[in-house]
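Given next are the chains, with one letter for each unit.
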Amino acid sequence: MDTGRTIWQLSGGPTSRSYADVFLRHSIGLLGPGDSGRWRPDRSDEDYDGSFVRRFASEMQNGDVLLLRTGLSRVRAVGIVASDYEYLNQFDDVNGWDLQHARRIRWSELPAEYDLGSSVFGANPPRFSGVGADEVVRYARSFVASPPTYWQERPLPALPAEEPLLDEPPEALRNLVAEVSDLHPLMWDRERFGDHPTEDELVAHFVVPLLRALGWPPERIAIKWRYIDVALLAALPRIPQNCHLVIEAKRLGAGVEGALEQAKGYVQSLGVPRDIVVTDGVRYRLYAAALDFAPVAYANLVRLKQSSLDLFNRLRRP
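## A short note on helix 7 (residues 260-270)
And step 1. Residues L260, A263, Y266, V267 and L270 constitute the buried set of helix 7. What you see down the axis of helix 7 is that its buried residues fit within an arc of 120 degrees, all on one side. Set apart from the buried face of helix 7 by more than 90 degrees, the exposed residues are E261, Q268 and S269.
And step 2. The inward-facing, buried residues of helix 7 abut strand 8 (221-225), strand 9 (228-233), strand 10 (243-249), strand 11 (275-279) and strand 12 (283-288).
And step 3. In the segment just after helix 7, G271 is the residue with positive phi, at about 85 degrees.

## Some remarks on the pattern of salt bridges
And step 1. With the rule as written, the count across this model stands at 21 salt bridges.
And step 2. Between D21 and R76 there is a salt bridge, with its nearest N and O atoms 2.4 Å apart. Of the two residues, D21 is situated in helix 1 (residues 20-26) and R76 in strand 4 (residues 74-81); the sequence distance between them amounts to 55 residues.
And step 3. Taking relative accessible area as the criterion, R76 reaches 18% and is therefore assigned buried.
And step 4. Of the charged contacts in the structure, one is a salt bridge between R283 and E257, with a shortest N-O distance of 2.5 Å. Here E257 lies in the loop between strand 10 and helix 7 and R283 lies in strand 12, a separation of 26 residues in the sequence. We note that R283, like E257, is buried.
And step 5. Salt bridges sharing common partners tie together D35, D92, R303 and K305.

## Section: the environment of V94
And step 1. For V94, the position within the fold is in the loop between strand 5 (86-87) and strand 6 (101-115).
And step 2. Separated by 223 residues in sequence, V94 and R317 place their C-alpha atoms 28 Å apart.
And step 3. Sequence-distant contacts of V94, defined by excluding residues within four places in its chain, comprise Y19, V22, L30 and L99.

## Overview of the sheet that holds strand 13 (residues 294-300)
And step 1. Spatially, 8-9-10-11-12-13 is the arrangement adopted by the six strands of the open sheet, whose pairing is mixed. The sheet terminates laterally at strand 8 and strand 13, the two strands that pair on one side only. Ignoring strand direction, the axes of neighbouring strands in this sheet form an average angle of 25 degrees.
And step 2. Together, strand 8, strand 9, strand 10, strand 11 and strand 12 form the strand contacts of helix 6 (residues 199-213), whose direction differs from that of strand 8 by roughly 160 degrees.

## Things to note about the nonpolar core
And step 1. In terms of nonpolar packing, the biggest core is built from 32 residues, with F206, L210, L211, Y284, L311 and F312 touching the most fellow members.
And step 2. Elements with a contribution of two residues or more to this core: helix 4 (174-188), helix 6, strand 9, strand 10, strand 12, strand 13 and helix 8 (308-315).
And step 3. The element best represented in this core is helix 6, accounting for six residues.
And step 4. Those residues in contact with L210 that lie beyond four places of it in its chain are L173, L176, Y284, F312 and L315.
And step 5. Ranked by size, the runner-up nonpolar core spans 30 residues in total, among them F23, L68, A77 and Y87.

## Some remarks on the environment of V230
And step 1. Secondary-structure assignment places V230 in strand 9.
And step 2. Given a relative accessible area of 0%, V230 falls into the buried group.
And step 3. Linking V230 and L245, residues 15 residues apart in sequence, is a C-alpha distance of 8.5 Å.

## What about helix 3 (residues 134-145)?
And step 1. Taking 1.5 Å as the rise per residue, helix 3 with 12 residues should run 16 Å; its terminal C-alpha atoms sit 16 Å apart, in good agreement.
And step 2. All of the buried residues along helix 3 are V136, V137, Y139, A140, R141 and V144.
And step 3. Residues of helix 3 that are buried make contact with strand 1 (7-11), strand 3 (65-70), strand 4 and strand 6.

Cut-offs used in this document
Residues numbered from 1 in each chain as written. Predicted model: local features only at pLDDT ≥ 70, side-chain atom pairs only at ≥ 80, totals over all residues. Heavy atoms only, no water. Buried < 20%, exposed > 50% of the residue type's maximum accessible area, 1.4 Å probe, protein only. Helix = DSSP H or I, 4+ residues; strand = E, 2+ residues; numbered from the N terminus. Arc of directions from axis to C-beta. Contact = heavy atoms within 4.5 Å. Salt bridge = Lys/Arg side-chain N within 4 Å of Asp/Glu carboxyl O. Pairing = 2+ DSSP bridges. Axes fitted to C-alpha atoms, helices over the stretch in contact; angles between N-to-C directions. Core = buried A, V, L, I, M, F, W, Y, C linked by side-chain atoms within 4.5 Å. Expected span 1.5 Å × (residues − 1).

The structure is reproduced here in structure tokens:
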């Protein structure tokens, strides 16, 4: 059994805002915070909220074993480090996370997540760390030594291109985008702001103003109609057949992608297929009913990319 490789663990993100699928799709491991810029030996750990980024960039070596961790003790995939440290700006918004610190990884995804038992990574596992628990080390080394091992030499896929930023938001949205950009960092600062704003606040301050700017009159914006956070009506009266779109809101930072299933339940109760938008007032992701609720458009008001225009056009009143 190979005993020369160091074993590491990397979090795939919290359950409500997981990004493990991104790691597996692109054969990559990502770590944040990335907005502080590329790591260099002369940069302080304080620039990156601790030593995680430094160790990820400088201590992990090609050929080391990396466990993709979910939750406190489960492993979703085992990987082999396949590149030196890179700083990739195309991963500046992964479900709202800035994860530009990168290493290419050849992953072998498990058929089902494997639970190694409580607290094997510690009671409060860090985002990234070396692994010292004997049972975890044995598991990792046994896995990479056991056939099939072809995945350890599998060619790496090409990475997605960096998407250009949007130079200017649509004129109707400029004031709102500026306001969100100003308030967003304050809302994240618990010392100055206190508790994060509730979803109802975010609907009032950000979602409804966005919809009004995109041409929707008040009578077509239904709040808490049939328990739906926001429903857009193509016409009156407010009956299911006239529902144009369902919007499910979540608290800032709660993870909008995790709200899809709840919103699908509301659509099912309407009895008519309708597109869904999930949002925390800042990030908006649209899922198409006709495509089995596949994600088709996205916008982050504090990090607007050119593709956000597609979401705005889809949300604009017909």
